[in-house]
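Structure assessment
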Amino acid sequence: MIGEVGHFALIWLAVSSLMSTVCYAWQKWQLKRVPTSLSFIVGLNGVFATLSLLMLALLFVQDQFQYDYVASHSNSALPVYFKVAAVWGGHQGSMLFWVFTLSLCSALISRLSTSKESALTGYIEDVCWVVQLFVAAFAWFTLLASNPFVYASVLVEQGRDLNPMLQDIGLIFHPPLLYLGYIGFSTVFAFAFAALLQTPYHPAWIKLCLPWTILAWFFLTIGIVVGAWWAYNELGWGGWWFWDPVENASLLPWLTGSALLHVMLAARRQQQLMIWVVILALVTFNLSILGTFIVRSGILTSVHAFAVDPSKGIALLLILAVTLLVGFVLLMLRSDMIQSAPIQSLFGRGYLILLSLGLFLVATLTVLLGTFYPMLYEMIGLGQISVGAPYFNTLFYPLSLIALLVMGAVPLLKWHHGSHLTPTQIISLASISLAAGASLYVLQVEAFSFATLLVWAGACWVIVTHSYFAMMQRKVTFMLLAHVGFAIGSIGAVMNAEHSYELNQKMSAGTVIEVGDWQVEYLESHWYIGANYTAQQGIIEFRRGNDHFIVKPERRHYPVRVMNMSEPSIKSVWNGDYYLTLGPKVSAQAYAVKIQFKAYVNWIWFGALLAAFGALIPLSARVVARYKARSAYGIIAQA
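Not measured: the values here are computed from a predicted model.

So, the sheet that holds strand S9 (residues 576-585)
- Spatially, the 4 strands line up as an open sheet ordered S1-S10-S9-S8, and their pairing is antiparallel. With one partner strand each, in any of the chains shown, strand S1 (501-507) and strand S8 (569-573) form the two edges of the open sheet. Mean inter-strand twist for the sheet, computed between neighbouring axes without regard to direction, equals 15°.
- Where S1 lies against strand S10 (residues 591-599), 7 bridges are found, and the strand directions are antiparallel. Bridge assignment links Tyr501 to a residue of S10, and that residue is Phe597.
- Strand contacts of helix H8 (residues 205-234): S8, S9 and S10, with the helix running at about 45° to S9, the strand carrying the most contacts.
- Each of S1 and S10 touches helix H16 (residues 478-499); the most contacted strand, S10, lies at about 135° to it.

Here's the deal with the nonpolar core
- Core analysis: the largest hydrophobic core is formed by 161 residues, its most contacted members being Tyr123, Phe138, Phe191, Trp205, Leu260 and Val278.
- Looking at which element gives the most residues to this core, the answer is H8, with 18 residues.
- Apart from residues lying up to four places away in sequence, Trp205 is in contact with Leu120, Tyr123, Phe191, Ala192, Ala195, Met264, Val277 and Val278.
- Core analysis: the next-biggest nonpolar cluster, separate from the first, contains 33 residues, Tyr441, Trp456, Val462 and Leu580 among them.

Section: the environment of Asn532
- On the secondary structure map, Asn532 appears in the loop between strand S3 (518-529) and strand S4 (534-544).
- For Asn532 and Trp98, which are 434 residues apart along the polypeptide, the C-alpha to C-alpha distance reads 29 Å.
- With residues near it in sequence (within four places) discarded, Asn532 still touches Ala77, Leu78, Asp161, Gln167, Tyr558 and Pro559.
- At 3.1 Å, the side chain of Asn532 and the side chain of Asp161 are in polar contact.
- A polar atom in the side chain of Asn532 sits 3.0 Å from the side chain of Gln167.

Brief notes about a positive patch on the surface
- On the surface, a cluster of positive charge is contributed by Lys207, Arg268, Arg269, Lys475 and Arg622.
- With respect to the helices and strands, the residue Lys207 is situated in helix H8.

What to know about helix H1 (residues 2-30)
- Over its 29 residues, H1 runs 41 Å from end to end, which matches the ideal 42 Å to within 8%, given 1.5 Å per residue.
- Looking only at H1, the buried set comprises Gly3, Gly6, Ala9, Leu10, Leu13, Ala14, Ser16, Ser17, Ser20, Thr21, Tyr24 and Gln27.
- Elements in contact with the buried residues of H1: helix H2 (39-61), helix H5 (91-112) and helix H6 (123-145).

A few points about the packing of H8 against helix H17 (residues 601-613)
- At their nearest, the axes of H8 and H17 sit 9 Å apart, and the two run at 165° to each other. The orientation of H8 relative to H17 falls into the category roughly antiparallel. H8 and H17 meet at a crossing whose hand is left-handed. Contact residues: Trp217, Phe218, Thr221, Ile222, Val225, Ala228, Trp229 and Tyr232 in H8; Val601, Trp605, Ala608, Leu609, Ala611, Ala612 and Phe613 in H17.
- Counted by class, the contact of H8 with H17 contains 14 nonpolar, 1 polar and no charged residues.

Brief notes about the confidence of the model for the protein
- The predicted model of the protein averages 89 in pLDDT, with 94% of residues at 70 or higher.
- H17 holds the highest mean pLDDT among the elements of the protein, 96, whereas helix H18 (residues 616-638) holds the lowest, 66.

Quick notes on the packing of aromatic side chains
- Going through the model one piece at a time under the given rule, you end up with 47 aromatic pairs.
- Considering the side-chain rings of Trp456 and Tyr600, the 6.1 Å spacing of their centres and the 85° angle between planes classify their relative orientation as edge-to-face. In this pair, Trp456 is assigned in helix H15 (residues 450-473) and Tyr600 in the loop between S10 and H17, connecting sequence segments 144 residues apart. Grouping residues by exposure puts Trp456 and Tyr600 together as buried.
- Among the aromatic residues, those joined into a cluster by ring pairs are Trp240, Trp241, Trp243, Tyr391, Phe392 and Phe396.

Some remarks on the side chain of Thr213
- One can find Thr213 in helix H8.
- Apart from the residues lying within four places of it in its own chain, the contact partners of Thr213 are Phe185, Val188, Leu260, Leu261 and Met264.

Observations regarding a nonpolar patch on the surface
- A cluster of nonpolar side chains, Leu318, Val322, Leu325, Val326, Val329, Met332 and Leu333, forms an exposed patch at the surface whose accessible area comes to about 700 Å².
- Following the sequence through the fold, Leu325 ends up in helix H11 (residues 310-334).

Description of the domain arrangement of the protein
- Domain annotation of the protein identifies domain 1 (389-499) and domain 2 (501-601).
- Domain 1 and domain 2 are separated by 37 Å when their C-alpha centres are compared.
- With both sides pooled, the region where domain 1 packs onto domain 2 buries about 510 Å², and carbon together with sulfur makes up 53% of that total.
- Looking only at domain 1, the three residues that lose the most surface to domain 2 are Gln444, Asn496 and His499, adding up to 69% of its buried area.
- Our count for the contact surface shared by domain 1 and domain 2 stands at 0 salt bridges.
- For the pair domain 1 and domain 2, the number of links is 2 residue pairs in polar contact (both at pLDDT 80 or more).
- Looking at the side of domain 1 that touches domain 2 element by element, the count peaks at 5 residues for H16.

A closer look at unusual backbone geometry
- In this chain, Thr199 is followed by Pro200 through a cis amide linkage whose omega measures 0°.
- Looking at where Pro200 falls in the secondary structure, it is placed in the loop between helix H7 (169-197) and H8.
- At Asp161, a residue that is not glycine, the phi angle is positive and equals roughly 80°.
- Secondary-structure assignment places Asp161 in the loop between H6 and H7.
- Despite not being glycine, Val562 has its phi angle at roughly 55°, a positive value.
- Examined against the element boundaries, Val562 turns out to sit in the loop between strand S6 (554-558) and strand S7 (563-567).
- For Val562, a relative accessible area of 61% corresponds to the exposed category.

Considering the environment of Leu180
- Within the secondary structure, Leu180 sits in helix H7.
- Taking relative accessible area as the criterion, Leu180 reaches 25% and is therefore assigned partly exposed.
- For the pair Leu180 and Gly223, spaced 43 residues apart in the sequence, the C-alpha separation amounts to 8.5 Å.
- Setting aside residues up to four positions removed in sequence, Leu180 forms contacts with Thr101 and Phe219.

The rules behind each value
- Residues numbered from 1 in each chain as written.
- Predicted model: local features only at pLDDT ≥ 70, side-chain atom pairs only at ≥ 80, totals over all residues.
- Heavy atoms only, no water.
- Pairing = 2+ DSSP bridges.
- Helix = DSSP H or I, 4+ residues; strand = E, 2+ residues; numbered from the N terminus.
- Axes fitted to C-alpha atoms, helices over the stretch in contact; angles between N-to-C directions.
- Contact = heavy atoms within 4.5 Å.
- Core = buried A, V, L, I, M, F, W, Y, C linked by side-chain atoms within 4.5 Å.
- Buried < 20%, exposed > 50% of the residue type's maximum accessible area, 1.4 Å probe, protein only.
- Polar contact = N/O pair within 3.5 Å; in protein donor to acceptor, adjacent residues only side chain to side chain.
- Patch = residues over 30% accessible without salt bridge, like charges linked within 9 Å, V, L, I, M, F, W, Y side chains within 5 Å.
- Areas by Shrake-Rupley, 256 points an atom, 1.4 Å probe, with all protein chains shown as cover.
- Salt bridge = Lys/Arg side-chain N within 4 Å of Asp/Glu carboxyl O.
- Lys, Arg positive; Asp, Glu negative; His and termini not counted.
- Charge placed at Lys NZ, Arg CZ, Asp CG, Glu CD.
- Expected span 1.5 Å × (residues − 1).
- Parallel < 35°, antiparallel > 145°, perpendicular 65-115°, else oblique.
- Left-handed = near helix turned anticlockwise from the far one by under 90°.
- Nonpolar A, V, L, I, M, F, W, Y, C, P; charged D, E, K, R; others polar.
- pLDDT = per-residue confidence, 0-100.
- Phe/Tyr/Trp six-rings, centres within 6.5 Å; stacked < 30°, edge-to-face > 60°.
- Domains from an automatic or database assignment.
- Buried area = accessible area lost by both parts, 1.4 Å probe.

Structure, rendered in structure tokens:
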């Protein structure tokens, strides 16, 4: 009964979203009259989408293995929190989560977004109409091609269990956050598309759209960071970013979304780069759909791939093609209505934002080329080639250096022309930054890299100028936290690449080796039984003078999936992690142990989270302002 209720809710959602969008379009463009409001049906669709997702979650919690999706991704011995996370741990459930999030976004826009501009009368209704079109498209795709409520062809007593690689806390947070980012940019697309439908076109939509853009960027950033952390902690490789095709697919909308935030700032404050706001709003969501297509089409090999069914990929590719084509055709028809103010000087924030836009676009094209060129090369019959980390690292290094220089200059310049400081003051800040960066780096390492020293200097330049800005303005802004977070993350990334090391060693009880200035002793091994696995655990002690700590890497066996997994053990210190992985047995008592020191990897997490949570500053300020406005309205009403 639970499954039937969830299935009915999905059918209702597909039918009602399609019918409501068709009726709205017919009334507005054929009958030429004000359409019936979508607010009621949008809210109702949100309720049904929530109901469908909750019913699927109950199927997992109650071990309803008569449903194929549940049987393929769960087991009665699986912990309850992983059963709930398994809802979005596979293809069908993740698509239902997409539909749920789209419906929720549409309901929130209808409820929270208002416009006092007479030129934007009916605009929010058009935005909801666009989002409901996406709800209809993905609901029908889920219902017809990816239905999680389909019965299994063979009844089983036990499910196949969740893939052991997914049995990590990362599964609980990473996919939902990433989807919220992807789908959040669908609302940005809807705002831009609906703005192009208005006659006349009015730039006031940018102010309405900005909070949704910040929110989508926040979720996408957190989702990517949690995904990188998950790969680092779970896979046992010790890496945090592998330039995997699906990792790149999530990076693409993040790059254009970051560019969109910058040009929105210029457009809202100075009416500059207006056309780029619309272009990037359209492109970013299309890149989000592209990422979904990559994961589910099977065209690229990845540990992240959900499905290898070409029919699912073709359906998603069709949605991508229609969205891209219709969006840019409308933009071309309306482009003459979009007027931008000129950038008046090379020495102003407006020009720096234009320069930042160029950097983001070059980075986006770099990732696009490196990700899809090997596939196209093979498709046209020229053979197979591999594009890996050396290509991306080589091209991103100079882009990152330029970005640090540009970011450091932002708080020093005025919007139109000139600086807040004298040339002498700017030179002083630059000198302090260079001296601080060089000193902090050289004092930590025995053999330094000039390329890494430049990153330290550039990062210190950003931190020094933004700290000076914060002291002068006496406030902390989104820009400040985002730029300083990027600077700290850049230090972590370059130090991790240049100053990490590893040692592979055969170890058994009583084995003592030297790792740096630490003595490392393998104390013992023991077995234990987990909820749905058995594990061999190594107990290893690090000693240095009076300092010591214990790490416990594991090698787990999952009997249902018949898979072995290494579970690394990590000891974090201020300048990195000691990362130990227990390999297979090499003799009766000895194991292959990999000991790695991952320099400054925790700086990457801290910098990225600092940048992401900076987005909460303008969002919280907006909530407070809204609350005060309502409170003032209540006081006036009572008077």
